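# Summary of structural features
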Amino acid sequence: MSVSPFRLLLCFTCANRRSVLITMSQSKYFTRQRLATSADSVYPHTEGSDHGHEVKKPASKLGRKRQHVKVDYHYDSTVASTVSSTGNQNIKAEPVCDSINSLSDNVQAQIIQYVFKVKEEPDAKAKKKWEPPLWREQLANIVEMRKFKDAPVDSMGCDELYDKDAEPKTLRYQILLSLMMSSQTKDGVTAAAIGRLRQHGCTVENILKTPDDQLGKLIYPVGFWRRKVDYIKRTSQILVDQHNGDIPDTLESLCQLPGVGPKMAHLAMKSAWKTITGIGVDTHVHRISNWLGWVRTKEPEQTRKALEEWLPREHWSEINHILVGFGQTICSPVAPKCVGCLNNDICPYAKSPKVKVKKGVKEEK
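Parameters and conventions
Residues numbered from 1 in each chain as written. Predicted model: local features only at pLDDT ≥ 70, side-chain atom pairs only at ≥ 80, totals over all residues. Heavy atoms only, no water. Helix = DSSP H or I, 4+ residues; strand = E, 2+ residues; numbered from the N terminus. Buried < 20%, exposed > 50% of the residue type's maximum accessible area, 1.4 Å probe, protein only. Phe/Tyr/Trp six-rings, centres within 6.5 Å; stacked < 30°, edge-to-face > 60°. Lys NZ or Arg CZ within 6 Å of the ring centre and 35° of its normal.

### Focus: the side chain of Gln138
Position of Gln138 among the secondary structure elements: in helix H4 (residues 135–145). Under the relative-accessibility criterion, Gln138 is labelled buried at 2%.

### Considering the packing of aromatic side chains
By the definition in use, this model includes five aromatic pairs. With a centroid separation of 5.3 Å and 65° between ring planes, the pair formed by Trp135 and Trp310 is classed as edge-to-face. Here Trp135, found in helix H4, pairs with Trp310, found in helix H15 (residues 300–310); they are 175 residues apart in sequence, far enough to count as distant. For the pair formed by Trp135 and Trp310, the shared burial category is buried. With a centroid separation of 5.8 Å and 85° between ring planes, the pair formed by Trp294 and Trp310 is classed as edge-to-face. Here Trp310 lies in helix H15 and Trp294 lies in the loop between helix H14 (283–291) and H15, a separation of 16 residues in the sequence. On the basis of relative accessible area, Trp294 is assigned to the buried category, the value being 1%. On the accessibility criterion, Trp310 (3% relative accessible area) is buried. An aromatic cluster of three or more residues is present, and its members are Trp130, Trp135, Trp294 and Trp310. The ring centre of Tyr162 lies 4.9 Å from the NZ or CZ of Lys164, which sits over that ring. The ring of Trp291 carries the charged tip of Arg287 above its face, separated from the ring centre by 5.4 Å.

### Focus: unusual backbone geometry
Looking along the chain, the bond that leaves Tyr220 and enters Pro221 is cis, with omega of 10°. With respect to the helices and strands, Pro221 occurs in the loop between helix H10 (212–219) and helix H11 (225–242). Here the phi dihedral of Lys274 falls at roughly 55°; this positive angle occurs in a residue that is not glycine. Within the secondary structure layout, Lys274 lies in the loop between helix H13 (262–273) and H14. According to the relative accessible area criterion, Lys274 is exposed, its value standing at 64%. Positive phi outside glycine occurs at Ala335, with the angle close to 50°. With respect to the helices, strands and loops of the structure, Ala335 is situated in the loop between helix H16 (316–329) and strand E9 (355–358).

Any link to function would need more than the numbers given here.
Here you go:
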């Protein structure tokens, strides 16, 4: 049997004379050098070889270093008595041919002893996922500062603008339109535009019948209103043609709509379909995440991916709303109120030499 230097197959027989095969792969460590002392009688050792197989000696002058091999196993009825005594359920044991039953009981016992007495690799040694050291305390402080819900997003966010008495399809359509118009637009302006559309009749069919110039007057002065008129019309037509007048229920399909990016798609899935697919990252979430040291990114989409790598999923649904309101009231892009912020002592940006204290606020130098 040919044995790769990177994969060692060890055969032995249990007390009940059932042959098993141990595959050295993951989770358990032992030294091949140590095991060789018990396996020499099974695999005759010759000079320049490792248990009968050629081994290339390293060029190092220090000589050959000890090589470690990993063992992976799971509970198997054929070795129940042996495995249960170790309390270990990760070594993979499989029946093999009976040709090795000729091994002496002494050799079998030594091999089993070396294999099953290997110490389990601690979970702590596994690669730990990175996370900011103080993020839990920082987030708890932000939640405390947001408890009064006095930010514009609390009363004029996409979750608050739709007609709650409308049928489900219309409700979801209005949520999507509010998200499309909120880009590069203050919440107050978006809320006013949605209010005018609702008075006009904010349904897919009615919006398609509305002339572009009239639709532009209804949504003005939202940011890039001319472009958004085109997006709204094209999106509405796609909904009728491909989705039976409803908005898509998958992230991929939402992102294919004109004017809809990842942030809007994730928020639409959360608000319209009650499904959490990711974190919606706008300019506030992007800025604050970088200021707190949670991420080091240059674009909102990079921030989303970085946050989702470490932020526990149970926080995904609320993090956008919390940080947006925090950015609107305290951690604003211009002259943030760092002195009154509960995170003042643990915020990297608050300690940055780029800012200075003046009359209770932080101002960039």
